[in-house]
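Close look at the chain arrangement
These are the residues of each chain, in order.
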Amino acid sequence: MSGRFRPPGQCPVCGEWVSKGAVACDDCGSCEKSGWSGNTHADGLDLPDDEFDYDDFIAREFGSNPARKTGVSNLWWWVALALLITFVLMALMPALS
Ligand SMILES: [Zn+2]
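Worth saying up front: this structure is predicted, and the values here are computed from it rather than measured.

For the rest of this paragraph, the subject is the overall build of the protein chain. The helix and strand tally for the protein chain stands at 3 helices and 2 strands. Along the protein chain, from the amino end to the carboxyl end, the secondary structure elements read β-β-α-α-α. Counting every position in the protein chain, which comprises 97 residues, the buried fraction comes to 8%.

This next bit is on unusual backbone geometry. Note on backbone geometry: most residues besides glycine have negative phi, and most peptide bonds are trans. The peptide bond linking P7 to P8 adopts the cis configuration, its omega dihedral lying at 0°. Along the chain, P8 falls in the segment before β1 (9–10).

So, on to the environment of P8. The exposure class assigned to P8 is exposed, which follows from the 10 C-beta atoms found within 10 Å. Between the C-alpha atom of P8 and that of K20, which follows or precedes it by 12 residues, the distance is 4.1 Å. Not counting chain neighbours up to four residues away, the residues in contact with P8 comprise V18, S19 and K20.

Summing up the model confidence of the protein chain, the mean pLDDT is 77 and the portion of residues at 70 or higher is 71%. When pLDDT is averaged over each helix and strand of the protein chain, the minimum, 50, is found for helix α1 (residues 40–46) and the maximum, 92, for strand β2 (residues 17–18).

Analysis parameters
- Numbering of residues begins from 1 in every chain and follows the order in which that chain's sequence is written.
- Only residues with pLDDT of at least 70 get local features here, since the model is predicted, and only at 80 or more are side-chain atom pairs given and counted; chain-wide, interface and lining totals rely on the full set of residues.
- Only runs of H or I of at least four residues qualify as helices and only runs of E of at least two qualify as strands under DSSP, and these elements are numbered from the N terminus.
- Burial is judged by counting other C-beta atoms within 10 Å of a residue's own C-beta: 20 or more means buried, 12 or fewer means exposed, and anything between counts as partly exposed, with every C-beta placed from the backbone.
- Two residues qualify as being in contact provided that their C-beta atoms, derived from the backbone, are within 7 Å of each other.
- The predictor rates its confidence in each residue with pLDDT, a number between 0 and 100.

Below, the structure written as structure tokens:
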């Protein structure tokens, strides 16, 4: 793995100083065995946020169909209605045999 943390240095999880030779962070308890699993700080810095246009993504994903959410709701209404009709038919026709 790249960027593997080795004391002394700042804990990659909580940012507390981990002294030389320490096997675990005194503050949050992360250790070498757990992989100092605090990659969030470095990942946050490395993410190319500028290249991802969220508004454009939303516009492309939902712009062509603004009623998408309403459509999903209507679908569930139809499903509920179908179930209701099924139950009514079962109640009216209890013995088809
Ligand atoms: Zn820590």
